[in-house]
Amino acid sequence: MPELAYLLRLADDNVVIGQRLGEYISRAPDLEEDLAVANIALDHIGVAQHLYTYAGELEDAGRSEDDLALGRTEREFTNALLVEQPHDGFGELIARQFLFDAYQMELWDAVSRSSDERLAGIAAKALKEARYHLRHTSGWVIRLGDGTEESHRRMQAGIDAMWRFTGELFETDDLDLAAGVDPASLRPAWDSTVDEVLAEATLARPDDPYQATGGRRGVHSEHLGHLLAEMQSMHRTYPDLEW
Amino acid sequence: MTYEVPLVPGEQHEDATGAHDDHGWPLWEVFVRPKRGLNHTHAGSLHATDAETAVQNARDAYTRRAEGVSVWVVPSTEIHASDDAESMFEPFEDRPYRHPTFYDIPDEVGQM
Amino acid sequence: MTGEDVFQATIEADEKIEPRDWMPEGYRKTLVRQIAQHAHSEIIGMQPEGNWISRAPTLMRKAILMAKVQDEAGHGLYLYSAAETLGVSRDELQHLLHIGKQKYSSIFNYPTLTWADIGIIGWLVDGAAIVNQIALQGTSYGPYSRAMVRICKEESFHQRQGYAICLALSQGSEEQRQMLQDAVDRWWWPSLMMFGPHDAESTHTEESMEWKIKRVSNDDLRQHFIDQTVPQGQYLGVTFPDADLRYDEETGHWHIGEIDWDEFWAVVKGNGPLNRERIANKVKAWDDGAWVREAAAAYADKHARLAESA
């Protein structure tokens, strides 16, 4: 049986990035991209729902998926710092998503081999979706990196902005080990995918060794508080109601 | 309904001139095969810079409700059409024997 | 037989006009304008609803709302496609929207102030749109008619999810019931205005009807909507903000008070609550995305040339 905290970690990642993508719907460069962004957002919210529901059942304290997503505080959220970063434009949105998609590919692949059937099932479906997302976002990284001078500059800036939040994705703690998934072991494959795409995009792999950390321990950037305030506002203003 | 959006008194309609500028985002026609065993049918169109993007976008736009096992995209400029106007002048009734309804099969013979 | 004869015969036989057929210039122009404005309506409509994606009260409601707004983008896409068969480009139509020369359904100039507004939009606004779109399935222009069929299939989900939200509120707490009633009070009359002016005052109606672009009159559509909607409201336990609303036993129709045509024209003119903001947001998204579109085109061009020289 997976640990409750582990399920919450995975769920928190997905609900937060789903929330970020949801902010962008109707703001994309064109209709086709609005459709694509909405599609990815829906996938993430869907995975989050499955995971929170499972977590609620495991906990057996009567908390629903909504109680878990909309009733926990920023110090209780254990999403990675990467997903809570806001996007200043399409370049940053794609950078954040691409780096996360490449990680999710490796992560879900590993989790789909979990001895827990239910979690493995959720992971297998999420893996298919991650593959589709990665194809979409890597396509953009390449087109923008190797497009015009301006797009090259902006795409590089996006990668640079998000880079210091990638290290955290590969930290391993006891919770990971208990789940049988060692994030550090996912790093080489992620590096390989990312390097390949950056190269084709004529982009440089950022040099800065500094990596932020803390998300997995509930020590977030200042962004999460605002994101949760908005996301949780109805649940908190009108507690215990049906919608 | 108000898709016509009525003219405010004093206003004039300004018409689209057909000035064609794709900004390098050409139009693609989308064909979807909804199910094994069926033909691809025309579903609509969309703009994309290249075939791969067009296919991906077509999946998002035209198969959201899993209405497709296969998607084709073709640049609109590559569609070549018959001259439909001409065919309007030639009656199809010329060769009715091509149609099953021309034949009177007795019911006793069964389904044919 | 001339092209014009064929056109008339086709219209009379209730068959479809297709893109390469001869058609009167007025027919083509009217269609371009109407289909474009229909498409613009879908796109602008993403904003009032998109306003509540980040604050949806449950994950399920968030997902449903995202899917609905995504559908609206998709509907816009189908409609722009239909318009493009008439010899215009989506870019040009969008440009006309941005400079205010093409419009969109006025209903989307109203703000979504509470979660109940999202339910109301599904119930009333999509409800009204469906009444119109069902009629438009019979429109004479093939691509527009087919787009309508596709949209109608998807649209009933929209109305149902909206009504489901309203039902949940009506069966909820006192605060939720009041939230619902408040939303009805603000959206009822604007929904009725969605059907446009009385036909007698509508400059387009006669010609559009002759060409079978329009199949049912504004007033008939509006009456149909009222008759179907009032009982739905009664089921929810809400009242409509109309002291003159009454049922006519003889005709079987609900009669409404007089619509505030001043408000209607003010909003059409551009002075509704959010006209400027809706367009500003649309223009901003387009302008912000210019570098992306340029990059995609440049990349495709680069690689097409590489492929050629290989």
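As a reminder, the structure under discussion sits directly above these lines.
So, how was this worked out
Residues numbered from 1 in each chain as written. Chains lettered and ligands numbered in written order. Predicted model: local features only at pLDDT ≥ 70, side-chain atom pairs only at ≥ 80, totals over all residues. Heavy atoms only, no water. Contact = heavy atoms within 4.5 Å. Buried area = accessible area lost by both parts, 1.4 Å probe. Salt bridge = Lys/Arg side-chain N within 4 Å of Asp/Glu carboxyl O. Polar contact = N/O pair within 3.5 Å; in protein donor to acceptor, adjacent residues only side chain to side chain. Helix = DSSP H or I, 4+ residues; strand = E, 2+ residues; numbered from the N terminus. Buried < 20%, exposed > 50% of the residue type's maximum accessible area, 1.4 Å probe, protein only. Expected span 1.5 Å × (residues − 1). Bend = angle between axes of the 7 residues up to and from the residue. Nonpolar A, V, L, I, M, F, W, Y, C, P; charged D, E, K, R; others polar. Axes fitted to C-alpha atoms, helices over the stretch in contact; angles between N-to-C directions. Parallel < 35°, antiparallel > 145°, perpendicular 65-115°, else oblique. Left-handed = near helix turned anticlockwise from the far one by under 90°. Pairing = 2+ DSSP bridges. Core = buried A, V, L, I, M, F, W, Y, C linked by side-chain atoms within 4.5 Å. Phe/Tyr/Trp six-rings, centres within 6.5 Å; stacked < 30°, edge-to-face > 60°.

### Describing the interface of chain C and chain B
Each partner contributes residues to the interface: chain C has 58 residues there, and chain B has 41 residues. At the boundary of chain C with chain B, total buried surface from both sides reaches about 4200 Å², with 55% on carbon and sulfur atoms. On the surface where chain C and chain B come into contact, there are zero salt bridges. Where chain C touches chain B, the interface holds four residue pairs in polar contact (both at pLDDT 80 or more).

### Re the pattern of salt bridges
On inspection of all chains with the given rule, the structure shows 27 salt bridges over all chains. Note that Lys302 of chain C and Asp146 of chain A form a salt bridge whose closest N and O atoms lie 2.8 Å from each other. Residue Lys302 of chain C is located in helix H12 (residues 290-309), and its partner Asp146 of chain A is located in the loop between helix H6 (117-145) and helix H7 (149-163); the two belong to separate chains. In this structure Lys302 of chain C comes out as partly exposed when scored by relative accessible area, which is 29%.

### Focus: helix H7 (residues 174-193) of chain C
Between its terminal C-alpha atoms H7 of chain C stretches 30 Å, which fits the 28 Å expected from 20 residues at 1.5 Å a residue. Of all bends in H7 of chain C, the biggest is about 35 degrees, found at Trp187 of chain C, and the proline Pro190 of chain C comes one to four residues later.

### A few points about the side chain of Glu72 of chain C
Relative to the elements of secondary structure, Glu72 of chain C occurs in helix H3 (residues 59-84). Exposure remark for Glu72 of chain C: the relative accessible area of 5% places this residue in the buried category.

### Points about the interface of chain A and chain B
Taken together, the contacts link 10 residues of chain A with 13 residues of chain B. Summed over both sides, the interface between chain A and chain B buries roughly 980 Å², with carbon and sulfur atoms accounting for 46% of that surface. Among the residues chain A hides against chain B, the three largest losses belong to Glu32, Leu35 and Tyr132 of chain A. Together they make up 52% of the total. Where chain A meets chain B, there are six residue pairs in polar contact (both at pLDDT 80 or more). The element contributing the most residues to the side of chain A that touches chain B is H6 of chain A, with five residues. Split by residue class, the side of chain A that touches chain B holds four nonpolar, two polar and four charged.

### Some thoughts on the packing of H3 of chain C against helix H6 (residues 142-170) of chain C
Residues and elements named next belong to chain C. Two elements in contact, H3 and H6, have axes whose closest approach is 10 Å; the angle formed by their N-to-C orientations is 165 degrees. Our classification of the angle between H3 and H6 gives roughly antiparallel. In this structure, the crossing between H3 and H6 has a hand that is left-handed. A per-class count over the contact of H3 with H6 returns 13 nonpolar, three polar and seven charged.

### A short note on the sheet that holds strand S2 (residues 41-47) of chain B
Ordered by their spatial adjacency, three strands build an open sheet running S2-S1-S3 (chain B), and the pairing between neighbours is antiparallel. The two strands at the open ends of the sheet, each matched to only one other strand, are S2 and strand S3 (70-75) of chain B. On average, adjacent strands in this sheet sit at an angle of 30 degrees to one another, irrespective of strand direction. As defined by bridge partners, strand S1 (residues 27-33) of chain B adjoins S2 of chain B across six bridges and the pair is classed as antiparallel. The partner of Val30 of chain B across the bridge, within S2 of chain B, is Gly44 of chain B. On the sheet, helix H1 (residues 51-62) of chain B packs against S1, S2 and S3 of chain B and is oriented at approximately 115 degrees with respect to S2 of chain B. Docked against the sheet, H3 of chain C engages S1 and S2 of chain B, running at close to 95 degrees with respect to S2 of chain B.

### Details of the nonpolar core
Formed by 192 residues in total, the largest nonpolar core has its most connected members in Tyr52 and Trp108 of chain A, Leu46 of chain B together with Tyr27, Trp115 and Trp123 of chain C. Once residues lying within four places of it in the same chain are set aside, the contact partners of Tyr27 of chain C are Phe7, Ile11, Ile17, Ser140, Tyr141, Trp211 and Ile213 of chain C.

### Re the packing of aromatic side chains
Residue and element names in this part refer to chain C. Enumeration over the complete set of coordinates arrives at 21 aromatic pairs over all chains. Between the aromatic rings of Trp188 and Phe225, the centroid separation amounts to 6.2 Å while the plane-to-plane angle is 25 degrees, which identifies the pairing as stacked. Note that Trp188 is positioned in helix H7 and Phe225 in helix H9 (residues 218-236), a separation of 37 residues in sequence. Accessibility expressed as a relative area gives 0% for Trp188, which makes it buried.

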